[in-house]
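Residues per chain are reported as follows:
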Amino acid sequence: MPDKHSNAPEPGTKLGSHYSRCFGCGDDALGGLRVSSTVGEGLSVTTEFTVTDNHQGAPGLAHGGLLALAFDEALGAVNWLIGAIAVTGRLETDYLMPVPVGTTLHITAQCDGISGRKIYTSAVGRLGGPEGEAAVRATAIFIQVGVDHFLSNGRLEDVQEAMHDPEQLRAARAFEVNP
Ligand SMILES: CCCCCCCCCCCCCCCC(=O)SCCNC(=O)CCNC(=O)[C@H](O)C(C)(C)COP(=O)(O)OP(=O)(O)OC[C@H]1O[C@@H](n2cnc3c(N)ncnc32)[C@H](O)[C@@H]1OP(=O)(O)O
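Residues numbered from 1 in each chain as written. Predicted model: local features only at pLDDT ≥ 70, side-chain atom pairs only at ≥ 80, totals over all residues.

Caption draft 1: Main features of the overall build of the protein chain. Broken down by element type, the protein chain carries four helices and seven strands. Start at the N end of the protein chain and walk to the C end: the helices and strands fall as β-β-β-α-β-β-β-β-α-α-α. In terms of overall size, the protein chain behaves like a compact globule, its C-alpha atoms giving a radius of gyration of 16 Å where 179 residues would be expected to give roughly 16 Å. Based on the C-alpha atoms only, the size of the protein chain along its principal axes is roughly 45 × 35 × 25 Å. (Helix = DSSP H or I, 4+ residues; strand = E, 2+ residues; numbered from the N terminus. Rg over C-alpha atoms; globule rule 2.2 N^0.38 Å.)

Right under this line is the structure:
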């Protein structure tokens, strides 16, 4: 298990978005999920995601791929706690119960360990409250990367815009990145 980063926020702290145009957590992404995570105990975060009319796959039920996105965000937020910049290498989801429109998934995500650049994480999403029945489980492997991953691969205009965005710089500082 990795150590919690010495500058990691205290339990109860709301983590901001890592990028304002991120479809999972950003405020500027049209139709995005806008999920936000709160630091939990140890290397864990909690995230609430409410399923709306726009999230349907079958009538009245959440789309599974969209739920996977919510989990990707929650699991990725764990990386803030260890001060790691990382991208999703593998994401596996188990859908245990249908998730109806209007319900809230209470997701708890945690770090399970690291090996080299790989960060192993897992999460469970419960319905009806943080202690409710498990509806979705997920595991993910994040791979630590350098900031050059984004600078070399991202569309230039977006990278440049992000580098001039004070909010993006705040997020980068949280990862101890100097873009
Ligand atoms: C303006 C600038 C500001 C920047 C401020 C940053 C802010 C912070 C942003 C955070 C952003 C998050 C955003 C949300 C989360 C996404 O949605 S991320 C987007 C989706 N994911 C991707 O696009 C990743 C695409 N894949 C890749 O780029 C490359 O395959 C990777 C993942 C970087 C790995 O390539 P690589 O660096 O060449 O790594 P490689 O040496 O092959 O493998 C390293 C290790 O990882 C393992 N591995 C590699 N791929 C996998 C895999 N798919 N499954 C399992 N293991 C794997 C390898 O087996 C190897 O293990 P060991 O041999 O060391 O035991």
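Caption draft 2: Focus on the UniProt feature "domain: Thioesterase" (unreviewed entry) in the protein chain. Per the UniProt record, the feature "domain: Thioesterase" (unreviewed entry) sits at residues 60–122. With 29% helix and 43% strand, residues 60–122 has its two end C-alpha atoms placed 27 Å apart. (UniProt positions renumbered as here; feature names shortened; annotations may be inferred.)

Caption draft 3: Up close: the site of the ligand. Of all residues adjacent to the ligand, which total 24 residues, the nearest are V87, G89, R90, G116 and I143. Among the secondary structure elements, those contributing two or more residues to the shell around the ligand are α1 (64–81), β4 (86–95), β7 (133–144), α3 (156–163) and α4 (166–174). A total of four residues in the shell around the ligand trace back to one element, the largest contributor, which is β4. Taken together, the residues of the shell around the ligand break down into 15 nonpolar, five polar and four charged. (Near = placed C-beta within 6 Å. Nonpolar A, V, L, I, M, F, W, Y, C, P; charged D, E, K, R; others polar.)

Caption draft 4: Geometry of the sheet that holds strand β5 (residues 104–115). The seven strands are arranged β1-β2-β3-β5-β6-β7-β4 in an open sheet whose pairing can be described as antiparallel. Looking at which strands have only one partner, the edges of the open sheet turn out to be β1 (14–15) and β4. Note: β1 against strand β2 (residues 37–39), two bridges, orientation antiparallel. Looking across to β2, one finds that L15 is bridged to S37. (Pairing = 2+ DSSP bridges.)

Caption draft 5: Expanded view of α1. Counted at 1.5 Å a residue, the expected span for α1 with its 18 residues is 26 Å, and the 27 Å between its end C-alpha atoms agrees. With 13 of 18 residues buried, α1 is to be regarded as a mostly interior element. (Expected span 1.5 Å × (residues − 1). Buried ≥ 20, exposed ≤ 12 C-beta atoms within 10 Å, placed from the backbone.)

Caption draft 6: Structural context of the pairing of strand β6 (residues 118–127). In this structure, β5 lies alongside β6, joined through 10 bridges in antiparallel fashion. In the strand pairing of β6, Q110 is matched with S122. Of the pairings in the sheet, the one linking β6 to β7 comprises 10 bridges and is antiparallel in character. Across the sheet, S122 pairs through a bridge with T139, a residue of β7. Hairpin connection from β6 to β7: five residues lie between these consecutive antiparallel strands, with G128 at a positive phi of about 85°.

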